[in-house]
Amino acid sequence: MRRLNAVITGIAAKVPDYILTNKELSTIVDTSDEWIMTRVGIRERRILKDEGQGISVLGTSAVKELLTKTNTVPEEVDAVIFATSTPDHILPSAAAIVAENNGIKNAFCFDMEVACSGFVYGLEICSSLIRTGKYKKIILLAGDKMSSITNYKDRTTCPLFGDAAGAVMIEPTEENTGVMDAELHSDGVGYLPLQVKAGGSKYPATHETVGDAQHTVYQDGRVVFKHAVLRMAEVSLNIMQRNSLSVDDVDWLVPHQANMRIIDAVIDRTGLPREKVMINIERYGNTSAGTIPLCLWEWEPELKKGDNIILVAFGAGFSWGSVFLKWGYNGTANDNR
Ligand code: ACO
């Protein structure tokens, strides 16, 4: 019997309309376009501004577009899995809200929280579910409303983050395409250097936690930088080696867009030419779990069936991982962008 693979059959993404530029940020905190561009390579980011708008707003739009692009009726969807650290509520899941908003009634839905590594972790989970043969259509969503956990009084973190969500349809195939391999890791050494301290069960919200900005991202930037570079390069090289892929065999590298200097260091260490690397951080910033699907969506018109694509991410936990994908189709179909 031939191996059943799990292949991406369509992709959609959504960013908010509001553009927060470095110029505007420099009126909010003591910073400058020059500092932000040199240190992190971000010129602007998208922000979901209006009150009462959670990440499900972006997720709902992305899934709506995905259903159209893949000619899928909502009843056909078996599962909706949303990789996000910023769900609308502690409960219910954002996945259940997005499913309801799109008339998806026959699916099981849940959120998974792996910060910036959410999309690569999610692909491994969805691929495993598809390969059982039991499920035919799974939607993997990944994205965050990072502006909801960003401290706009802290100049060391607020330039970094933006809001976005992406969605892919994953289906079974007997062709040699789809998720070929994945390598995932976690290390609790990342507990203190990168966290949102309060709002969970250990430190529920109080006047003090709100007053001390403990509901927003804290990071020791230098520690995160060092681990991110090391681990992203290491795991990309591992997966290439394990699958006998030389630099020439790789068509695209899609790194998590944390900051430009981390991406540059990963490019140097893997030896991949820059023109094979998807980079859009300048326009969107770090959208956490959203960065990789946002890149794939932007580059979709250029992708060809059989392209060898290496995805690599690093985030809180620490968590990190890489996926080797063989792209499943040429260009875009039914695209409304
Ligand atoms: N504008 C102007 N000056 C600033 C700003 C700013 N926005 N932010 C910090 N500075 C100042 C600091 O106050 C400090 O000044 P001082 O020397 O007078 O004290 C100086 O710049 C250097 O500050 P550092 O924090 O030491 O800056 P560093 O060179 O480490 O750069 C940065 C900070 C860009 C965050 C870096 O540590 C980094 O890239 N870390 C990686 C973390 C990351 O990308 N995290 C994203 C989330 S995790 C993930 O997605 C993997």
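Definitions and cut-offs
- Residues numbered from 1 in each chain as written.
- Predicted model: local features only at pLDDT ≥ 70, side-chain atom pairs only at ≥ 80, totals over all residues.
- Heavy atoms only, no water.
- Patch = residues over 30% accessible without salt bridge, like charges linked within 9 Å, V, L, I, M, F, W, Y side chains within 5 Å.
- Areas by Shrake-Rupley, 256 points an atom, 1.4 Å probe, with all protein chains shown as cover.
- Salt bridge = Lys/Arg side-chain N within 4 Å of Asp/Glu carboxyl O.
- Buried < 20%, exposed > 50% of the residue type's maximum accessible area, 1.4 Å probe, protein only.
- Near = heavy atom within 4 Å.
- Polar contact = N/O pair within 3.5 Å; in protein donor to acceptor, adjacent residues only side chain to side chain.
- Helix = DSSP H or I, 4+ residues; strand = E, 2+ residues; numbered from the N terminus.
- Nonpolar A, V, L, I, M, F, W, Y, C, P; charged D, E, K, R; others polar.
- Domains from an automatic or database assignment.
- Pairing = 2+ DSSP bridges.
- Axes fitted to C-alpha atoms, helices over the stretch in contact; angles between N-to-C directions.

### Thoughts on a nonpolar patch on the surface
Logical step 1: Side chains of Phe 108, Phe 110 and Ile 125 sit close together on the surface and give an oily, nonpolar patch of about 210 Å² of accessible area.
Logical step 2: According to the relative accessible area criterion, Phe 108 is partly exposed, its value standing at 33%.

### Describing the site of the ligand
Logical step 1: In the neighbourhood of the ligand, 23 residues make up the surrounding shell, with Thr 31, Arg 39, Arg 155, Gln 219 and Asn 259 lying closest.
Logical step 2: In this structure, Trp 35 approaches the ligand through a side-chain N or O atom, which is 3.3 Å from a nitrogen atom.
Logical step 3: Here a nitrogen atom of the ligand and a backbone polar atom of Gly 221 are 2.9 Å apart.
Logical step 4: Protein chains shield 75% of the accessible area of the ligand, which is 1,000 Å² for the free molecule.
Logical step 5: For the shell around the ligand, the secondary structure elements donating two or more residues are α2 (33-39), α7 (221-242) and α8 (260-270).
Logical step 6: At four residues, α7 tops the list of elements feeding residues into the shell around the ligand.
Logical step 7: A breakdown of the residues in the shell around the ligand according to their chemical character gives eleven nonpolar, seven polar and five charged.
Logical step 8: Taken domain by domain, the makeup of the shell around the ligand includes at least three residues from each of domain 1 (5-176) and domain 2 (180-326).

### Focus on helix α10 (residues 291-299)
Logical step 1: For α10, a buried count of eight out of nine residues is recorded, marking the element as mostly surrounded by other parts of the structure.
Logical step 2: For α10, the full list of buried residues reads Thr 291, Ile 292, Pro 293, Leu 294, Cys 295, Leu 296, Trp 297 and Trp 299.

### A short note on the sheet that holds strand β11 (residues 252-255)
Logical step 1: Strand order in the open sheet formed by four strands is β8-β13-β12-β11, with mixed pairing between adjacent strands. Edge positions in the sheet fall to β8 (178-186) and β11, since each has one partner strand and no second. Mean inter-strand twist for the sheet, computed between neighbouring axes without regard to direction, equals 10°.
Logical step 2: Pairing between β8 and strand β13 (residues 319-326): eight bridges, direction antiparallel. Across the sheet, residue Leu 184 finds its bridge partner in β13, namely Gly 321.

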